[in-house]
Amino acid sequence: PNCTAIVALHPDEATGVIVQTAVEHQIPFVVVPCCVFSKLFPERIKPLVEGREGTSGLDGNGLVVSTYYDLIDWLVAKH
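In what follows, the accompanying structure is described. (Residues numbered from 1 in each chain as written. Predicted model: local features only at pLDDT ≥ 70, side-chain atom pairs only at ≥ 80, totals over all residues. Heavy atoms only, no water.)

## Some details on the environment of Val-30
- With respect to the helices and strands, the residue Val-30 is situated in strand E2 (residues 29-32).
- Residues Val-30 and Leu-9 lie 21 residues apart in sequence; the distance between their C-alpha atoms is 8.2 Å.
- Not counting chain neighbours up to four residues away, the residues in contact with Val-30 comprise Ile-6, Val-7 and Ala-8. (Helix = DSSP H or I, 4+ residues; strand = E, 2+ residues; numbered from the N terminus. Contact = heavy atoms within 4.5 Å.)

## Topic: the packing of aromatic side chains
- Enumeration over the complete set of coordinates arrives at one aromatic pair.
- Note on Tyr-68 and Tyr-69: the rings are 5.7 Å apart at their centroids and 85 degrees apart in plane angle, and the pair reads as edge-to-face.
- Owing to a relative accessible area of 34%, Tyr-68 belongs among the partly exposed residues under this scheme.
- Among the residues examined, Tyr-69 registers a relative accessible area of 61% and is labelled exposed.
- Here the basic side chain of Arg-44 rests over the ring of Phe-41, its NZ or CZ set 3.9 Å away from the ring centre. (Phe/Tyr/Trp six-rings, centres within 6.5 Å; stacked < 30°, edge-to-face > 60°. Buried < 20%, exposed > 50% of the residue type's maximum accessible area, 1.4 Å probe, protein only. Lys NZ or Arg CZ within 6 Å of the ring centre and 35° of its normal.)

## A short note on the environment of Thr-4
- Checked against the element boundaries, Thr-4 lands in the segment before strand E1 (6-9).
- By relative accessible area, which is 72% here, Thr-4 ends up exposed.
- As for Thr-4 and Gln-26, which are separated by 22 residues in sequence, their C-alpha atoms are 9.8 Å apart.
- Setting aside anything within four residues of it in sequence, one finds Thr-4 in contact with Ile-27 and Pro-28.

## Some remarks on the nonpolar core
- Formed by Ile-6, Ala-8, Ile-18, Val-19, Ala-22, Ile-27, Val-31, Val-36, Val-65, Leu-71, Trp-74 and Leu-75, the largest nonpolar core amounts to 12 residues.
- At the level of elements, E1, helix H1 (15-24) and helix H2 (68-78) are the ones that each hand at least two residues to this core.
- Sequence-distant contacts of Ala-22, defined by excluding residues within four places in its chain, comprise Ile-6, Ile-27 and Phe-29. (Core = buried A, V, L, I, M, F, W, Y, C linked by side-chain atoms within 4.5 Å.)

## What to know about H1
- Of the positions making up H1, those classed as buried are Thr-15, Gly-16, Ile-18, Val-19 and Ala-22. Each buried residue of H1 sits inside an arc of 165 degrees when the element is viewed along its axis, so together they form one side. H1 presents Val-17 and Glu-24 as exposed residues on the side facing more than 90 degrees away from its buried surface.
- Buried positions along H1 lie against E1, E2 and H2. (Arc of directions from axis to C-beta.)

Quick look at the structure:
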C-alpha cells in the first residue's frame, strides 16, 4: 500500500486484515473496531491475558472471541 497511515473506523469484517496489513508493511494505524462477528470468525480464539478470567491461552480450550474486549485482546496478541 502506498500511504502514510491507515485509519479504520467501524471496519466490521475487515478489522483483522487492516491490522495485519498495517503491521506487515510497517504503516502507522489506528483502528476503532465495532462488531466482533464471532460466528463469522470462529478461528479467532481468546488469548491468555494475565489477570483476566475466562481466557483460554494456548491450552486448547478454544474459547471463541465473543466480546469487544476479547477482540481487542486478540488483535493485540496477534500483532
